[in-house]
There are 2 protein chains.
Amino acid sequence: MTAAQDTTAEDVPWGEVAPEAARKLLVAAVEAFAERGYHATTTRDIAGRAGMSPAALYIHYKTKEELLHRISRIGHDKALEVLSAASERGGSPGERLAEAVRSFVRWHAGRHDTARVVQYEIDALSEEHRAEIVELRRRSDAVVRGILRDGVESGEFDVPDVPGTTLAVLSLCIDVARWFNVRGRRSPEEVGELYADLVLRMVSARN
Amino acid sequence: MTAAQDTTAEDVPWGEVAPEAARKLLVAAVEAFAERGYHATTTRDIAGRAGMSPAALYIHYKTKEELLHRISRIGHDKALEVLSAASERGGSPGERLAEAVRSFVRWHAGRHDTARVVQYEIDALSEEHRAEIVELRRRSDAVVRGILRDGVESGEFDVPDVPGTTLAVLSLCIDVARWFNVRGRRSPEEVGELYADLVLRMVSARN
DNA sequence: CCCGAACCTGAGCAAGCGCTTAGTGCATCG
DNA sequence: CGATGCACTAAGCGCTTGCTCAGGTTCGGG
């Protein structure tokens, strides 16, 4: 009697990718790219992980690069959505910044395989595809910069170099995808909490 | 009358690599690996950049992987040396931490091509070589953790989670290699200064 | 003046790569 | 029931890859 089994549901990891074979291939590719890197992964490896023949990949994707682009695009969209939603949740600049960092880090840790591909394989994209992704990153940058500016204006933050500090905050969050390990001691939630606190200390005015 | 032209001088970037052909190949490899990544770089590309034939590479290095290992090993040694030297320069924990971050970041920005290879291509190493490099990283970790512990004991720092904060500080420094651009607005010195300040704020007790 | 060692190249091998093509199995429809 | 369309595979094409090897060049020492 549950109406829950809806494969196009937006909160299912790759629910927007259809049909099922295309999604299975994409999930396999994320796994392989995260593990070995884009260039070290073969189309045979991807197809094998999805339980299909190498040729099946080319029915759903024109090239291996297009597959990377689909992953990168959807992943960046999701990351930006998580960040934006948190920043718009209201409250003081400090609360908004903490929530933004907490959510963004939680995503990079919890979905660290996707995040690793999304953040570290941009150079493997074609020129046009890379340009499209870079634009999405600029928007993430704008979100954080906006919160910092608000906090400086209200006097809650003391940030001498807003662009530089924006860079540092995003860099800190993104790099979580590199080192986070599922078998480590910390949960994504714990890392998010720790990082939100550290970032707040970086920007808060002393009084 | 200058006695300066000593190719084995330790402060020349790759002075420890001899003979000259081996060094030229290694420098070419650093360039190529930083630009495209290890797996996307061909031995022909490396040899071509060094102005030699593909076969020349195999006179000086057994495999492409050994070349990466040499780069990784020397680079990590240098990074660790920079960090250790700064941390031992004396002063309060705050001064030592600031100097450590300043130096470490300066190195990652100024030598960002080397740093990128060193920090982001570990997975391309063989198991034994990777283990060797991981050990060097543990030592970098120990240096930063030591300073934080000293600061907490003296009451100068307020750090609830020393291992977690150590991770964050190193992560922040290392990720500089990913985004730093020579054509950007900031010099390695400026980034080092900014980051030293941000890290101090992260850990300082308020009073 | 010639030898041997060190260094380097031209040519190319076996393996693996991304991707294509011809054909098969299967659901759908008049 | 045969025809049509679609997802998929087996086989393999053309090319590039990491790496090898026979042979040539250079040069200090006897």
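Calculation rules
- Residues numbered from 1 in each chain as written.
- Chains lettered and ligands numbered in written order.
- Predicted model: local features only at pLDDT ≥ 70, side-chain atom pairs only at ≥ 80, totals over all residues.
- Heavy atoms only, no water.
- UniProt positions renumbered as here; feature names shortened; annotations may be inferred.
- Helix = DSSP H or I, 4+ residues; strand = E, 2+ residues; numbered from the N terminus.
- Near = heavy atom within 4 Å.
- Polar contact = N/O pair within 3.5 Å; in protein donor to acceptor, adjacent residues only side chain to side chain.
- Nonpolar A, V, L, I, M, F, W, Y, C, P; charged D, E, K, R; others polar.
- Axes fitted to C-alpha atoms, helices over the stretch in contact; angles between N-to-C directions.
- Parallel < 35°, antiparallel > 145°, perpendicular 65-115°, else oblique.
- Left-handed = near helix turned anticlockwise from the far one by under 90°.
- Contact = heavy atoms within 4.5 Å.
- Salt bridge = Lys/Arg side-chain N within 4 Å of Asp/Glu carboxyl O.
- Buried < 20%, exposed > 50% of the residue type's maximum accessible area, 1.4 Å probe, protein only.
- Buried area = accessible area lost by both parts, 1.4 Å probe.
- Expected span 1.5 Å × (residues − 1).
- Least-squares fit on C-alpha atoms with pLDDT ≥ 70 in both.

## With respect to the UniProt feature "domain: HTH tetR-type" (unreviewed entry) in chain A
According to UniProt, the positions carrying the feature "domain: HTH tetR-type" (unreviewed entry) are residues 19-79 of chain A. Span residues 19-79 of chain A is 72% helix and 0% strand, its end C-alpha atoms 23 Å apart.

## Some words on the protein's contact with DNA strand D
Near DNA strand D you find 16 residues, and of these His60 of chain A together with Thr42, Arg44, Tyr58 and Lys64 of chain B are the closest. One of the backbone nitrogen or oxygen atoms of Lys64 of chain B is found 2.9 Å away from a phosphate oxygen of DNA strand D. Secondary structure elements with two or more residues in the surface near DNA strand D: α3 (57-60) of chain A together with α2 (43-49) of chain B. Its residues placed into classes, the surface near DNA strand D shows seven nonpolar, six polar and three charged.

## Description of the packing of helix α10 (residues 188-203) of chain A against helix α8 (residues 162-174) of chain B
Remark: α10 of chain A packs on α8 of chain B, axes separated minimally by 11 Å, with the N-to-C direction vectors making an angle of 65°. Our classification of the angle between α10 of chain A and α8 of chain B gives roughly perpendicular. Both α10 of chain A and α8 of chain B take part in a crossing whose hand is right-handed. Along its contact with α10 of chain A, which presents Leu194, Tyr195 and Leu198 of chain A, the element α8 of chain B presents Gly164, Thr165, Ala168 and Ser171 of chain B.

## Section: the pattern of salt bridges
Residues and elements named next belong to chain A. Following the criterion strictly, the structure yields 38 salt bridges over all chains and no others. Glu135 is the salt-bridge partner of Arg139, the closest N and O atoms lying 3.8 Å from each other. Of this pair, Arg139 and Glu135 both sit in helix α7 (residues 127-154), four residues apart, which is roughly one turn of that helix. Given a relative accessible area of 45%, Arg139 falls into the partly exposed group. On the accessibility criterion, Glu135 (35% relative accessible area) is partly exposed. Through salt bridges with shared partners, a single ionic network connects Glu31, Glu35, Arg36, Asp45 and Arg49.

## A few points about the interface of chain A and chain B
With 31 residues of chain A at the contact, the number on the chain B side is 31 residues. Of all residues in chain A, the largest losses of buried area upon contact with chain B belong to Arg201, Met202 and Arg206 of chain A, amounting jointly to 24% of the total for that side. Close ionic contact of Arg201 of chain B with Asp158 of chain A constitutes a salt bridge, the shortest N to O distance being 2.9 Å. Between chain A and chain B we count eight residue pairs in polar contact (both at pLDDT 80 or more) in total. For the side of chain A that touches chain B, the secondary structure elements donating two or more residues are α1 (20-36), α8 (162-174), α9 (176-179) and α10 of chain A. By residue number, the principal contributor to the side of chain A that touches chain B is α8 of chain A, which donates eight residues. Grouping the constituent residues of the side of chain A that touches chain B by class yields 15 nonpolar, five polar and eleven charged.

## Some thoughts on the protein's contact with DNA strand C
Neighbouring residues of DNA strand C: 16 residues in total, closest Thr42, Arg44 and Tyr58 of chain A together with Ile59 and His60 of chain B. In DNA strand C, atoms within 4 Å of the protein come from the sugar-phosphate backbone in 49% of cases. Between DNA strand C and Thr43 of chain A there is a distance of 2.9 Å, counted from a phosphate oxygen to a backbone nitrogen or oxygen. Contacts to DNA strand C include Tyr58 of chain A, whose side-chain N or O atom sits 2.7 Å from a phosphate oxygen.

## Notes on α8 of chain B
Every α-helix carries 3.6 residues per turn, so stepping three or four residues along brings you back to the same face. All names here are of chain B. Over its 13 residues, α8 runs 18 Å from end to end, which matches the ideal 18 Å to within 8%, given 1.5 Å per residue. Within α8, eleven of the 13 residues are buried, leaving the element largely enclosed by the surrounding structure. Of the residues that open α8, the one with a side-chain oxygen 2.8 Å from the backbone nitrogen of Gly164 is Asp161.

## Re the relation of the copies chain A and chain B
By a simple turn and slide, chain A fits onto chain B: the slide is 0.0 Å along the axis, the RMSD is 0.0 Å, and the turn is 180°. On this basis, the relationship between the two copies can be described by a two-fold rotation axis. Here 100% of the contact residues of chain A are again contact residues in chain B; the copies associate through an equivalent surface.

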